[in-house]
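Observations on chain architecture
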Amino acid sequence: MTDLLKFDPNAVGNTDNNIFGLPFSEDESQLIILPVPWEVTVSYGAGTSRAAEHIFKVSKQVDIFDTDGNEGWRRGFFMREVDKRLMMKSDYLRKEAELYINYISKGDIVEDNKFMCKSLKEINEGNRYMNDWVYQQTKELLQKGKLVALLGGDHSTSLGYLKSIAEFHGDFGILQIDAHCDLRDKYEGFDYSHASVMRNALREIPAITKLVQAGIRDYCQEEWEVICNSNYRIITYFDQAIKTRQFEGETWKSISDEIIQHLPEKVYLSFDIDGLDRKYCPNTGTPVPGGFELEAVLYLVKKLIQSGRKLVGFDLVEISLGQTEWDSNVGARILWRLCNMLVHHHS
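Reference entry: report on the structure contained in this document. (Residues numbered from 1 in each chain as written. Predicted model: local features only at pLDDT ≥ 70, side-chain atom pairs only at ≥ 80, totals over all residues. Heavy atoms only, no water.)

**Observations concerning helix 4 (residues 159-169)**
Burial analysis of helix 4 places eight of its 11 residues in the buried class, which makes it a mostly covered element. Considered for burial, the residues of helix 4 that qualify are Leu159, Gly160, Tyr161, Leu162, Ser164, Ile165, Ala166 and His169. Tucked inside the fold, the buried residues of helix 4 contact helix 3 (114-143), strand 3 (147-152), strand 4 (172-177), helix 5 (197-204), strand 7 (266-272) and strand 8 (310-317). (Buried < 20%, exposed > 50% of the residue type's maximum accessible area, 1.4 Å probe, protein only. Helix = DSSP H or I, 4+ residues; strand = E, 2+ residues; numbered from the N terminus. Contact = heavy atoms within 4.5 Å.)

**Focus: the sheet that holds strand 2 (residues 77-79)**
The eight strands are arranged 2-1-3-8-7-4-5-6 in an open sheet whose pairing can be described as parallel. The open sheet has two edge strands with one neighbour each: strand 2 and strand 6 (234-238). Taken over all neighbouring pairs, the strand axes of this sheet differ in orientation by 15° on average, direction set aside. When strand 5 (residues 208-216) meets strand 6, the two strands line up parallel, connected through five bridges. Residue pairing across strands places Val212 opposite Ile235, the latter belonging to strand 6. In the packing of helix 5 onto the sheet, contacts are made with strand 4, strand 5, strand 6 and strand 7, and the angle to strand 5 comes to roughly 165°. Its contacts with the sheet put helix 9 (residues 294-306) on strand 4, strand 7 and strand 8, and the angle it makes with strand 7 is roughly 170°. (Pairing = 2+ DSSP bridges. Axes fitted to C-alpha atoms, helices over the stretch in contact; angles between N-to-C directions.)

**Notes on helix 8 (residues 252-261)**
Among the residues of helix 8, those classed as buried are Trp252, Ile255, Ser256, Ile259 and Ile260. Within helix 8, the buried residues cover an arc of 135° as seen down the axis, which keeps them to one side. Of the surrounding secondary structure, the elements contacted by the buried residues of helix 8 are strand 4, strand 5, strand 6, helix 7 (239-247) and helix 9. (Arc of directions from axis to C-beta.)

**So, the packing of aromatic side chains**
Following the criterion strictly, the structure yields nine aromatic pairs and no others. Chaining the aromatic ring pairs together yields one cluster made of Phe20, Phe77 and Trp336. Directly above the ring of Tyr129 sits Lys89, whose terminal nitrogen or CZ lies 5.0 Å from the centroid. (Phe/Tyr/Trp six-rings, centres within 6.5 Å; stacked < 30°, edge-to-face > 60°. Lys NZ or Arg CZ within 6 Å of the ring centre and 35° of its normal.)

**Some details on the state of the cysteines**
Each disulfide is one covalent bond, formed between the sulfur atoms of two cysteines. Overall, the coordinates contain zero disulfides when judged by the stated rule. Lacking any disulfide linkage, Cys228 is separated from the closest cysteine sulfur, that of Cys181, by 10 Å. Of the residues examined, Cys228 reaches a relative accessible area of 48% and is grouped as partly exposed. With no disulfide partner, Cys281 has as its closest neighbouring cysteine sulfur the one in Cys181, 17 Å distant. (Disulfide = S-S within 2.5 Å.)

**Focus: the pairing of strand 6**
In summary, the side chains of a regular strand alternate between the two faces of the sheet. The element strand 6 is extensively covered by neighbouring structure, given that five of its five residues are classed as buried. Neither face of strand 6 is exposed, since Ile234, Thr236 and Phe238 on one face and Ile235 and Tyr237 on the opposite face are all buried. Considered for its hand, the β-α-β crossover made up of strand 5, helix 6 (residues 221-228) and strand 6 is right-handed. (Right-handed = clockwise from strand over helix to strand, strands pointing away.)

**A closer look at the pattern of salt bridges**
Here the structure, examined in full by the defined rule, presents 24 salt bridges. For Lys84, the salt bridge goes to Glu53, with nearest N and O atoms at 2.6 Å. You can see Lys84 sitting in helix 2 (residues 84-105) and its partner Glu53 sitting in helix 1 (residues 51-58), a full 31 residues away along the chain. Among the salt bridges present, the one from Glu125 reaches Lys121, with a minimum N-O distance of 2.7 Å. A residue pair is termed a helical-turn pair when its members lie 3 or 4 positions apart in one helix, as Glu125 and Lys121 do in helix 3 at four residues. Of the residues examined, Glu125 reaches a relative accessible area of 37% and is grouped as partly exposed. By sharing partners, the salt bridges in this structure join Glu26, Arg80, Glu140 and Lys144 into a single network. (Salt bridge = Lys/Arg side-chain N within 4 Å of Asp/Glu carboxyl O.)

**What to know about the side chain of Asp182**
With respect to the secondary-structure elements, Asp182 resides in the loop between strand 4 and helix 5. For Asp182, which is buried and forms no salt bridge, the nearest opposite charge comes from Arg184, at a distance of 7.1 Å. Within the structure, the side chain of Asp182 is placed 3.0 Å from the side chain of His155, a separation counted as a polar contact. Apart from the residues within four sequence positions on either side, Asp182 is in contact with His155, Gln176, His194, Ala195, Ser196, Val197, Met198, Arg199 and Glu223. (Lys, Arg positive; Asp, Glu negative; His and termini not counted. Polar contact = N/O pair within 3.5 Å; in protein donor to acceptor, adjacent residues only side chain to side chain.)

**Notes on the nonpolar core**
Core analysis: the largest hydrophobic core is formed by 64 residues, its most contacted members being Phe20, Ile33, Phe271 and Leu335. Examining the composition of this core, we find that 10 residues originate from one element, helix 10 (residues 326-346), more than from any other. Ignoring any residue separated from it by four or fewer positions in sequence, one finds Ile33 in contact with Ile19, Phe20, Phe78, Met79, Arg80, Ala149, Leu151, Leu335 and Cys339. Counting 50 residues, the second largest nonpolar core, distinct from the first, contains Ile123, Trp133, Ala166 and Leu211. (Core = buried A, V, L, I, M, F, W, Y, C linked by side-chain atoms within 4.5 Å.)

Next comes the structure, spelled out in structure tokens:
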């Protein structure tokens, strides 16, 4: 076991160590960060498949003192290496998806073009492969008694982890921080689009008893109808409605308490970074005006834990890259805070 007496938490992050400069091996660590370099179905800006590598690099700049986590890092965080084969598969299928999306955007019919039919089939098969890969990786880690943080990649990467959570924990709820509902059915013809991840999760995982969404501000009529017809399995806090309530005098504490009351005993956090104000993530793939302050979301997570509910895992997705490292810098700090809270919660 790592001798922490030889580790100086006040020093500059050691580049020879793992994420955040921590000196732990995977076996020693209570929490494993699983990077999923996948962005095949992104429908606007790309770059999130490389996020984990950049977050790993800038994480050495994060000061590891965190009063919220009460030094949860001492129980060990470890990030696995990015799977290069999965990344190459994503790169290849992303190029096919770009051609396919351009084709259908002109109103052309897929069935009239054999190449496009073949591309759609390959893309859907690739997404199923990725879902199964994530499921197998997270299932193995959960069975070893590890806590798991999934680091995307686009939001479609979460589905396999949600399936392993259901097998391991039974019934649970999802707290989704997002600008989008992700409740579309086969968006752009893709079976497992990032825009359909919550629709697929609810359809394929009966153990999800409640989906509570917060920060939503970009959605279509189809998604509105899915919410309205969900028999309260889906509760959505739209960004506009939250802000209206705050403008009229309600506190974020009272709204947070209300959000949490809808959630069951076990909760999974799905954090799409575009749920935040764009100043935190200027290069995210599908930015929308509005959104949360970062501390508002972290406050909500802290209140969730303080309520006595059990946080069983989380994902952090849709972080993309620009000419600077700002998005990765913010992503690394969010990841640090959430990892600390999760491990401290389970200690």
